[in-house]
Amino acid sequence: MKEQLIEQAIKMRDRAIAPYSDYKVGSAVLTKSDKIFGGCNIESSSYGLTCCAERIAIYNAISSGHTQFKALAVATNNGGKPCGACRQVIWDLCGDISVYITDNSRNIDTTSSKQLLPNAFDKDSL
Ligand code: THU
């Protein structure tokens, strides 16, 4: 499943709409029931409206009826890490899951949502 998840994230880069940054990101999330949902970054001419690949993958899964997750993969050309906003959303919606970050050559950095966002602000803080 881990390999399939990473391959799906790499494939999702082809669907990215990134004419402004030219930085294509693909992501895929693995549900508790072993289904994989993908996402890609989608940019807007009003730059701030851009949505990252990780959030689109998670929202895709949730809007398809899946709310529990085991792992998430992110693919970029250079192994770039998830942005701060995505780290918060991954933590809030997925809890502590494995995160695989891969570059074009399949160099994989294995981490977790907790490692990416230590001392998180979340529902327990409210
Ligand atoms: N991007 C992602 O899709 N995920 C991240 O975690 C970092 C940034 C996208 C947003 C924008 O379309 C492009 O990468 C450059 O910032």
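Residues numbered from 1 in each chain as written. Predicted model: local features only at pLDDT ≥ 70, side-chain atom pairs only at ≥ 80, totals over all residues. Heavy atoms only, no water.

### Overview of the side chain of Asp 122
Here Asp 122 is to be found in the segment after helix H4 (113–116). Buried within the structure, Asp 122 lacks any salt-bridge partner; Lys 123 is the closest side chain of opposite charge, at an N-O distance of 5.7 Å. A polar side-chain atom of Asp 122 sits 2.9 Å from the main-chain amide nitrogen of Asp 124. Non-local contacts of Asp 122, meaning those with residues more than four positions away in its chain, are made with Trp 91 and Asp 92. (Helix = DSSP H or I, 4+ residues; strand = E, 2+ residues; numbered from the N terminus. Buried < 20%, exposed > 50% of the residue type's maximum accessible area, 1.4 Å probe, protein only. Lys, Arg positive; Asp, Glu negative; His and termini not counted. Salt bridge = Lys/Arg side-chain N within 4 Å of Asp/Glu carboxyl O. Polar contact = N/O pair within 3.5 Å; in protein donor to acceptor, adjacent residues only side chain to side chain. Contact = heavy atoms within 4.5 Å.)

### Remarks on the state of the cysteines
Inspection of every chain in the model, using the stated rule, returns zero disulfides. Note on Cys 40: no disulfide assigned, nearest cysteine sulfur contributed by Cys 51 at a separation of 9.7 Å. Unpaired in this structure, Cys 83 has its nearest cysteine sulfur neighbour in Cys 86, at a distance of 3.8 Å. Under the relative-accessibility criterion, Cys 83 is labelled partly exposed at 31%. (Disulfide = S-S within 2.5 Å.)

### Comments concerning the packing of helix H2 (residues 53–63) against helix H3 (residues 84–94)
Running from amino to carboxyl end, H2 crosses H3 at an angle of 25 degrees, the nearest separation of the two axes being 9 Å. With respect to their mutual orientation, H2 and H3 come out roughly parallel. Two packed elements cross with a definite hand, and for H2 against H3 that hand is left-handed. Across the interface between the two elements, Glu 54, Arg 55, Ile 58, Tyr 59 and Ile 62 from H2 touch Ala 85, Cys 86, Val 89, Ile 90, Leu 93 and Cys 94 from H3. (Axes fitted to C-alpha atoms, helices over the stretch in contact; angles between N-to-C directions. Parallel < 35°, antiparallel > 145°, perpendicular 65-115°, else oblique. Left-handed = near helix turned anticlockwise from the far one by under 90°.)

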